[in-house]
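Observations on the three-dimensional arrangement
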Amino acid sequence: MKTSDNTISRKDFIRNSALAAAGLSLMPNIMVASPFFGEHTVSAKGKLSLKNVRLETGFEYEEGEVIATKTDLFCIEIENGKIKSIAPNQPNAKATDAKGMLMLPAFKDMHIHLDKTFYGDKWQAVRKRTGGVKGMITLEQKMLPEMLKNSTFKAEKMIELLQSKGTSFARSHVNIEPTSKLDSLKNLQKALENKKKGFGAELVAFPQHGVFYTDSVPYLKEAAQMDIDFIGGVDPFNIDGNIEKTADFSVQLALDHKKGIDIHLHETGESGLNTVEYLIKKVNENPSLKGKTYLSHCFILAKLDKTKQEEMAEKLSEAQIGIVSTIPFGNLIMPIPVLYKHNVTVLTGNDSIVDHWNTFGTGSVLQKANQMAQLYGYSTEFLLSRSLKLATANVLPLDDKGNQQWPKAGDQADFVLMNASCSAEAVSRISNVESLVHQGNVVY
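Residues numbered from 1 in each chain as written. Predicted model: local features only at pLDDT ≥ 70, side-chain atom pairs only at ≥ 80, totals over all residues. Heavy atoms only, no water.

What the largest pocket holds in volume is close to 710 Å³. Sorting the residues of the lining of the largest pocket by element identifies α2 (132-147) and α11 (365-375) as the ones contributing at least two each. Considering only residue class, the lining of the largest pocket consists of eight nonpolar, 16 polar and seven charged. If you add up the space inside the second largest pocket, you get close to 380 Å³. Taken together, 17 residues line the second largest pocket, and the ones lying closest to its centre are Tyr-340, Arg-386, Lys-389, Leu-396 and Asp-400. Examining the composition of the lining of the second largest pocket, we find that four residues originate from one element, helix α12 (residues 381-387), more than from any other. In terms of residue class, the lining of the second largest pocket is made up of eight nonpolar, five polar and four charged. (1 Å grid on protein atoms, 1.4 Å probe; cavity = no way out; pocket = protein on both sides within 12 Å on 5 of 7 lines; lining within 4 Å. Points joined across faces, edges and corners; volume = space filled by probe spheres on them. Helix = DSSP H or I, 4+ residues; strand = E, 2+ residues; numbered from the N terminus. Nonpolar A, V, L, I, M, F, W, Y, C, P; charged D, E, K, R; others polar.)

Here it is, written out as structure tokens:
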């Protein structure tokens, strides 16, 4: 890697910031002082000047192969939540010193359940599962009333965890079913309102207990009129027993209220494939849903042979249906390289963190990028640098030719600063959690 001599050492950074294992994220429309930059850096007029900011500038080649990522230091002016200008570095400028930290697009967790977690509360491990997903529905029906009592507090703690890993935005599924009714949604909305100065979200109305298996229909219809962004679903055949009926309801509800669609699909047999194909059909019949429809997990893709994977990836691409994959998942290896080959949008998230579904979870989507790179042998400089897009929801500093495409003047000032010299290094070094800077929540 090409770096300058003024890159701050990890030891010095930890001493200076007092907090390791974090990420400095700057988001628009917020006025909160950063522990890293200090209160004096946020002006009343909403302006901020940074110097010694490291940006990726291009690739270094040897015999046609990318062998390194070039970086340089810059001064960046931010005003009213947007990047106003990017200029050559002036070490003596009167500006906040970023100390050679690398600026990357802020991270985004695109599949998580902020509304139901044990995080921030008394420790509980996953209980023994019986009866598959329907057995878990029965368990949830017993547990949710108690979980809801302090779900706003726990959601706030989960958001703080995500922020500490450099994440400033999430897509959260939120239970909408006869047990929670709309309480889970309302409690989460309170948490998001309390955290809006450093965190943004889009919400999926999620019928965890089935659309028809339990009568979630009236609650979904009410939620669709509230401040949510997607209509969700889960295993329409295994839970509701009817792919077409469930999918038709979800699609029509999304169309009626101009929402997107994001459906959990765990089924790996014929019903899983039939669900994917039927959703593709419905989206093609309703082009307004293209680019707004996602399948979360979609494990059936991992069970198909290579020829069928290629076929389905091409169909998903044509319908502009994205895949949100929680990497890894048991022994299933999702065909992410095939999806990328056909330009299918691929996103990732932490899904469940310390709840009745999953005892584990770090809150880091950068770690997901690291795991994906390991799974598929993406060990070269070029492929590592491309892997970063999983953590950033497909925003990269350099395009595939090495041309600088982010940040640009006019972009939203939504980024993290990291103690790493390039994105490929950031992806490969994620096991060193102290490489991340403290979450600042600075806004203008």
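Orientation of helix α3 (residues 151-164) relative to helix α4 (residues 183-194), taken along the N-to-C sense of each, is 45°, at an axis distance of 8 Å. As the angle between them shows, α3 and α4 are arranged oblique. The two elements α3 and α4 meet at a crossing, and its hand is right-handed. Contacts from Ser-151, Thr-152, Ala-155, Glu-156 and Ile-159 in α3 reach Asn-187, Leu-188, Lys-190, Ala-191, Leu-192 and Asn-194 in α4. Residues that form the contact of α3 with α4 fall into these classes: five nonpolar, four polar and two charged. (Axes fitted to C-alpha atoms, helices over the stretch in contact; angles between N-to-C directions. Parallel < 35°, antiparallel > 145°, perpendicular 65-115°, else oblique. Left-handed = near helix turned anticlockwise from the far one by under 90°. Contact = heavy atoms within 4.5 Å.)

The subject of this paragraph is the nonpolar core. Grouped together as the largest cluster of nonpolar side chains are 91 residues, with contacts concentrated most on Val-276, Leu-295, Leu-301, Leu-316 and Ile-323. Not counting the four nearest positions on each side in its chain, Ile-323 is found in contact with Tyr-294, Leu-295, Cys-298, Leu-301, Leu-316, Met-334, Leu-339, Val-344, Thr-345, Val-346 and Leu-347. In this structure, Leu-48, Phe-74, Met-103 and Ala-413 belong to the second largest nonpolar core, which totals 15 residues. (Core = buried A, V, L, I, M, F, W, Y, C linked by side-chain atoms within 4.5 Å. Buried < 20%, exposed > 50% of the residue type's maximum accessible area, 1.4 Å probe, protein only.)

Judged by pairing direction, the sheet is parallel, and its eight strands sit side by side in the order β6-β7-β8-β9-β10-β11-β12-β13 without closing on themselves. Only two strands of the sheet have a single partner each, and these edge strands are β6 (107-112) and β13 (346-348). Sheet twist, expressed as the average angle between the axes of neighbouring strands with direction ignored, equals 25°. Pairing between strand β11 (residues 293-297) and strand β12 (residues 321-325): four bridges, direction parallel. Bridge pairing links Ser-296 to Val-324 in β12. Together, β10 (260-265), β11 and β12 form the strand contacts of helix α7 (residues 270-285), whose direction differs from that of β11 by roughly 165°. Where α11 meets the sheet, its contacts fall on β6, β7 (167-175) and β13, and the angle it forms with β6 comes to roughly 85°. (Pairing = 2+ DSSP bridges.)

Right, let's talk about the pairing of strand β3 (residues 82-88) for a bit. For strand β2 (residues 65-79) and β3, the ladder comprises six bridges, and the chain directions are antiparallel. Of the residues in β3, the one forming a bridge with Phe-74 is Pro-88. Taken together, β2 and the strand that follows it, β3, pair antiparallel across an intervening segment of two residues, in which Asn-80 is found at a positive phi of about 55°.

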